[in-house]
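The primary structure of each chain is shown beneath.
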Amino acid sequence: MNFQNPVFIPGPTNIPESLRKACDIPTVDHRSPQFGDILHPARDGVRQVLKSTSAEIFIFPSTGTGGWEAALTNTLSAGDKILAARNGMFSHRWIDMCNRHGLNVEVVETPWGEGLPVDRYADILKADTEHHIKAVLATHNETATGVKSDIAAVRKALDGANHPALLFVDGVSSIGSMDFRFDEWDVDIAVTGSQKGFMLPVGLAIVGFSEKAIAATRFARLPRTFFDVQDMAKGYADSAYPYTPSVGLLNGLSQACRMLLGEGLENVFARHHRIAEGVRAAVSAWGLTLCAVSPDVYSDTVSAIRTPDGFDATAIVAHAAKNYGVAFGGGLGQVAGKVFRIGHLGSLTDVMTLSGIATAEMCMADLGLDITLGSGVAAAQEFYRANATIARKDAA
Ligand SMILES: *Cc1c(COP(=O)(O)O)cnc(C)c1O
């Protein structure tokens, strides 16, 4: 393993040196007043990254998956009806979790590569005049397919039907990298983890609750102990936890928020968009296509690239790891073997991205695909050159 190479997986992402150092602190007694100086700035920073003024931020020693579980178990009761779409592996796994908790999920099957079917959501919500649906699930960025969805449109579908269901958004691979508007979209619960947009090691589930979601915790009957937000809120009131917090990661998280807010959220989003556009320029120069069906759903954090029929895309991932010490993502579920994924989120520059594009080219050529070395790199170079003034503005 060569630690000089950036990773091109959609999480965990590359960890900036300053964040590695921020996580590496001597033991802090989490029952001392010093702990509050780490906890509260981290929660305030996350709230700002979510573009919220009022969200209650809870941070668990866990991962994004634990964040899903916190969302469900704190607000719902067995048998509650949930509306969800399955358009990739992550939305599938969230639905699976609902089923295991005895929730009653109405699943809208959606072709992988498409965004959330907001028109179907609108019809279903309108037809639910007795308001049996208690929560709507929305995966903002489907990491398996490289597809982003329109959360504002999901909110519109709810409001258009005058429907009181809670809106839960999986923002694990979007928050901190792509525009996310907790307050404006009236999100009830946002879920993420530490190891994607926040550029930290894995180990934290990070969730934001609206006032309405907090109110739902009073009536929710699903069992919860570790993920109980009422216990957590009581702890926070005393600058403490109901158990032992990951103090180093929390310190890293407040530093990560300072980095993102210091760069400026709009600049962070513009950088991710520019980097992604360069990757997409390379993909078309290769004569390949994305799994994402149209530009309006292209993700700025991960590209799932279809390889020719009969070719096992997973071979690219194995070959890159073995021969070049570079990590790409494989296909998951329905698209296993059909796509490979270039993750392009977190601590990344145009120039770092060129190395990933160059490596993908070497792998595809090695494995016999009809790829001209340098073709994708040149397309991305042209794009980054043409947009370099924007890059310099971001840095300034
Ligand atoms: C990574 C990811 C998850 C799972 O998060 P873990 O931290 O691995 O538990 C969930 N949803 C999306 C969209 C993701 O990208």
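I will try to describe carefully the structure that is included in this document. (Residues numbered from 1 in each chain as written. Predicted model: local features only at pLDDT ≥ 70, side-chain atom pairs only at ≥ 80, totals over all residues. Heavy atoms only, no water.)

A few points about the sheet that holds strand β4 (residues 133-139)
Here comes step 1: Sheet architecture is open: seven strands sit in the order β1-β9-β8-β7-β4-β2-β3, paired in mixed fashion. Both outer strands of the open sheet, β1 (56-61) and β3 (104-109), are each paired with one neighbouring strand and no more. Between one strand axis and the next, the sheet turns through 20 degrees on average, direction left out of account.
Here comes step 2: As paired elements, β1 and strand β9 (residues 204-209) share six bridges and run antiparallel to each other. Bridging from a neighbouring strand, Phe60 pairs with Ala205 of β9.
Here comes step 3: Across the sheet, helix α6 (residues 151-160) lies against β4 and β7 (166-170), angled at about 165 degrees from β7, the strand it touches most. (Pairing = 2+ DSSP bridges. Helix = DSSP H or I, 4+ residues; strand = E, 2+ residues; numbered from the N terminus. Axes fitted to C-alpha atoms, helices over the stretch in contact; angles between N-to-C directions. Contact = heavy atoms within 4.5 Å.)

Points about the packing of aromatic side chains
Geometrically, a pair of aromatic rings is defined through the distance of the ring centres and the angle of the planes.
Here comes step 1: One pass over the structure, following the stated rule, counts 13 aromatic pairs.
Here comes step 2: Ring geometry for Phe35 and Tyr241: centres 5.9 Å apart, planes at 70 degrees, overall edge-to-face. Note that Phe35 is positioned in helix α2 (residues 33-49) and Tyr241 in the loop between α8 (229-237) and α9 (247-263), a separation of 206 residues in sequence. For the pair Phe35 and Tyr241, one class covers both residues: buried.
Here comes step 3: Between the aromatic rings of Phe180 and Trp185, the centroid separation amounts to 5.5 Å while the plane-to-plane angle is 70 degrees, which identifies the pairing as edge-to-face. For the pair shown, Phe180 and Trp185 are each scored as buried.
Here comes step 4: Clustering of aromatic rings is evident, with ring pairs tying together Phe35, Phe58, Phe60, Phe209, Phe226, Phe227, Tyr236, Tyr241 and Tyr243. (Phe/Tyr/Trp six-rings, centres within 6.5 Å; stacked < 30°, edge-to-face > 60°. Buried < 20%, exposed > 50% of the residue type's maximum accessible area, 1.4 Å probe, protein only.)

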